[in-house]
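Each chain is listed here by its residues.
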Amino acid sequence: MAGLWRGLGRAELGRALLGRTELGRAALSRADFGRAVLGRTEPGQAVSRPGRVPAARAGPWGWALALALGVGVRGDAAGDEAQAGPDEQPPPPRGFGAAVRRSRDLLRRVKDEAGIPGIIVGVSVDGKEVWSEGLGYADVENRVLCKPETIMRIASISKCLTMMAVAKLWEEGKLDLDAPVQKYVPEFPEKLYEGEKVTITTRLLVSHLSGIRHYEKDIAKVKEEKEKANRALKPTKPHQDKEQKEGKGVEKADSAKPRREHDGETKSRNSKPGRRDKEFEQEEYYLKEKFESVIDSLKIFKNDPLFFKPGSQFLYSTYGFTLLSAVVERASGQKFTDYMLKMFRDLDMLSTVLDDNEAMIYNRARCYVYNKKGRLVNAPYVDNSYKWAGGGFLSSVGDLLKFGNALLYSYQAGQFKSSTGKLLPGYLKPGTVAMMWTPVPKTEVSWDRDGKYAMAWAVVEKKQECGCCRQQRHYTSHTGGAVGASSVLLILPEELRPGAGAAPAPPRGVIVTIVCNMQSVSLSSTALKIAREFDKERQAQYTD
């Protein structure tokens, strides 16, 4: 039998071993496979040339040869049969195997139900990335698989990045959160509401309380959607998924908001996955004009009337963050995009860039939607330069985990006593992050009915109403929805006990991020379930 395999190249041997050639189908038996592949060599013994299997001998090195051949076979098989690629499963990280298996199964269900071409997940535990994996395709036409390095639109998670810049400028004394925005951006006209002069501040902008419109220009339609959303929030049948009902929630206030720009999880069961919902029927989602500056992009909405008196109601508004980017630009003395890219470098987020159609961006995924016939098609061309701050960045799951860990470290740095007494300062001060993550009155969150909106983050506070009943953990999140993309970033901090004394250095907790190249996919509850799986195993490791 040994002579039968001599002279075969590595790829030929791989195909033969998989039964892909007449030779393999005719001659390969289980015993032959074992003798051919698991040839063993002693340490220091020369390895045969490619295509020639060493004679079977006892020793510890045979398994290495088997593994090497297995890798070669997998690579060749992927070439022969592309669909084999997405089914590959990397080994789970040590200590979190059960969480990875359950989470992968959950993610596959979401992917299949929503018809998502490609989806990527990243999980960090106590500051260390413990799992990142891509399922499906980053580019369907060219059969390019998703991988952890794949870069996708992160949509409204961009608001969280912008808030980091706002907070940094506030700490440095360069930005007054309570000053009228005209102090920094005189190009934005002073506003009246019902004949009364009103003031819009940065603090109101970051919590969507400014009264500036979203994509919907008709205030009557916005009010109608808000009423529908309020009715939808009333108790209904328990088997219905809360997020699907809330897709109408905060957008409540703005029917124009892509259900995905906040929503998260699998689409309404009454419609086909990936189809445009009402949120994506707004024309301004599909602007193709390239704006040279954030000041220039203000012309889209700066002369439109306010929908309500600033501070009186919540209305999710991406245009509010476009105005915010102009405030950041003037307060920092740099172009908004330059300031943000410098911040990304400081945070080691080297894969986070502008969603620029002209730039060569390696590992960038394509975006997809379903047409009216239910066929998968490329998403329409859009230029997101009018909303860099609110939905215009690209990133990878690895970078989003770094961002989440930087925030979590900053939040917890003042609560830990290091055994060495030498903790580096966070990018932000603990009090600053605590302020960012404090729920703001009169706000609401469409993707999580347990939460309230804070400063560019949705926050759920710790709560338990009855003994031996549901315990609500403290966590913070944001979802995103763009043309051809959906995303979520969720941070579940460890519950620190006062007076615990010295403890391992921060960050302490679980961070989950998911991105996909399909619009109108709700991912929020999926991220929370995954975070709980890893937190459960994390706690088990500390108690063992």
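The coordinates are above.
Residues numbered from 1 in each chain as written. Predicted model: local features only at pLDDT ≥ 70, side-chain atom pairs only at ≥ 80, totals over all residues. Heavy atoms only, no water.

Caption draft 1: Main features of the overall build of the protein chain. In terms of regular secondary structure, the protein chain is built from 18 helices and 15 strands. Counting every position in the protein chain, which comprises 544 residues, the buried fraction comes to 54%. Accessible surface, the protein chain as shown: approximately 24500 Å² in total, 51% of it carbon and sulfur. (Helix = DSSP H or I, 4+ residues; strand = E, 2+ residues; numbered from the N terminus. Buried < 20%, exposed > 50% of the residue type's maximum accessible area, 1.4 Å probe, protein only. Areas by Shrake-Rupley, 256 points an atom, 1.4 Å probe, with all protein chains shown as cover.)

Caption draft 2: Looking closely at helix H6 (residues 97-114). Relative to the 26 Å expected for 18 residues at 1.5 Å per residue, H6 spans 26 Å between its end C-alpha atoms, a close match to the ideal helical length. When we look at burial in H6, the residues that qualify are Gly 97, Ala 99, Val 100, Ser 103, Arg 104, Leu 107, Val 110, Lys 111 and Ala 114. Down the axis, H6 shows its buried residues gathered within 145 degrees of arc, on one side only. Among the exposed residues of H6, those oriented more than 90 degrees off its buried face are Arg 109 and Asp 112. (Expected span 1.5 Å × (residues − 1). Arc of directions from axis to C-beta.)

Caption draft 3: Main features of the pattern of salt bridges. Inspection of the entire model under this criterion finds 31 salt bridges. Lys 342 serves as the salt-bridge partner of Asp 346, at 3.2 Å between the closest nitrogen and oxygen. Of the two residues, Asp 346 and Lys 342 both sit in helix H14 (residues 336-346), four residues apart, roughly one turn of that helix. Asp 346 sits in the partly exposed class, given a relative accessible area of 47%. (Salt bridge = Lys/Arg side-chain N within 4 Å of Asp/Glu carboxyl O.)

Caption draft 4: Structural context of the packing of aromatic side chains. Overall, the coordinates contain 16 aromatic pairs when judged by the stated rule. Taking 4.2 Å as the distance between ring centres and 35 degrees as the angle between the ring planes, the aromatic pair formed by Tyr 215 and Tyr 285 counts as tilted. Residue Tyr 215 is located in the loop between helix H8 (202-206) and helix H9 (219-232), and its partner Tyr 285 is located in the loop between helix H11 (259-262) and helix H12 (294-297); the two are separated by 70 residues in the primary sequence. The exposure classification of Tyr 215 matches that of Tyr 285, with both residues buried. Consider the rings of Tyr 411 and Trp 437, whose centres lie 4.9 Å apart with planes at 55 degrees: the pair is tilted. Of this pair, Tyr 411 sits in helix H16 (residues 397-412) while Trp 437 sits in the loop between helix H17 (430-436) and strand S11 (452-453), and the two are 26 residues apart along the sequence. (Phe/Tyr/Trp six-rings, centres within 6.5 Å; stacked < 30°, edge-to-face > 60°.)

Caption draft 5: Broad picture of H16. For H16, spanning 16 residues, the distance from its first C-alpha to its last is 22 Å, which sits close to the expected 22 Å at 1.5 Å a residue. Taken across its 16 residues, H16 has 15 buried, putting it largely inside the fold.

Caption draft 6: Quick peek at the sheet that holds strand S2 (residues 128-139). Spatially, the eight strands line up as an open sheet ordered S3-S2-S1-S15-S14-S13-S12-S11, and their pairing is antiparallel. Since the sheet does not close on itself, it has two edges, and those belong to strand S3 (144-145) and S11, each with one partner. Across the face of the sheet, H6 comes into contact with strand S1 (118-125), S2 and strand S15 (509-516) while running at roughly 25 degrees to S2. Sitting on the sheet, helix H7 (residues 157-171) touches S11, strand S13 (475-482) and strand S14 (485-493), and the angle it makes with S13 is about 125 degrees. (Pairing = 2+ DSSP bridges. Contact = heavy atoms within 4.5 Å. Axes fitted to C-alpha atoms, helices over the stretch in contact; angles between N-to-C directions.)

Caption draft 7: Representation of the side chain of Asp 139. Within the secondary structure, Asp 139 sits in strand S2. We note that Asp 139 is buried and unpaired, the nearest opposite charge coming from Arg 366 at a distance of 4.3 Å. Dropping the residues within four chain positions of it, Asp 139 is found in contact with Val 144, Arg 366 and Tyr 368. (Lys, Arg positive; Asp, Glu negative; His and termini not counted.)

Caption draft 8: Expanded view of the sheet that holds strand S7 (residues 353-354). Spatial ordering of the open sheet is given by S4-S10-S7, a layout of three strands whose pairing is antiparallel. Each end of this open sheet is capped by a strand with a single partner; those strands are strand S4 (152-153) and S7. Alignment of S4 against strand S10 (residues 393-395), held across two bridges, turns out to be antiparallel. Across the sheet, the residue bridging to Arg 153 is Leu 394, located in S10.

Caption draft 9: Local environment of unusual backbone geometry. Along the chain, Pro 506 connects to Pro 507 via a cis peptide bond; the corresponding omega equals 5 degrees. In this structure, Pro 507 sits in the loop between S14 and S15. A positive phi angle, near 50 degrees, is found at Asp 126, a position not held by glycine. By the element assignment, Asp 126 lies in the loop between S1 and S2.

Caption draft 10: Structural detail: the packing of H7 against H14. Following both chains from N to C, one finds H7 and H14 inclined at 90 degrees, their axes separated by 11 Å at the closest point. Judged on the interaxial angle alone, H14 and H7 are roughly perpendicular. Each of Leu 161, Thr 162, Met 164, Ala 165, Lys 168 and Leu 169 in H7 lies in contact with H14, whose residues at this interface are Phe 336, Tyr 339, Met 340, Met 343 and Phe 344. Residues that form the contact of H7 with H14 fall into these classes: nine nonpolar, one polar and one charged. (Parallel < 35°, antiparallel > 145°, perpendicular 65-115°, else oblique. Nonpolar A, V, L, I, M, F, W, Y, C, P; charged D, E, K, R; others polar.)

Caption draft 11: Structural view of the environment of Ile 511. Relative to the helices and strands, Ile 511 is located in strand S15. For the pair Ile 511 and Ile 530, spaced 19 residues apart in the sequence, the C-alpha separation amounts to 9.4 Å. When residues no more than four places from it in sequence are discounted, the contact partners of Ile 511 are Gly 122, Val 123, Ser 124, Leu 401, Gly 404, Asn 405, Leu 408, Leu 489, Leu 490 and Ile 491.

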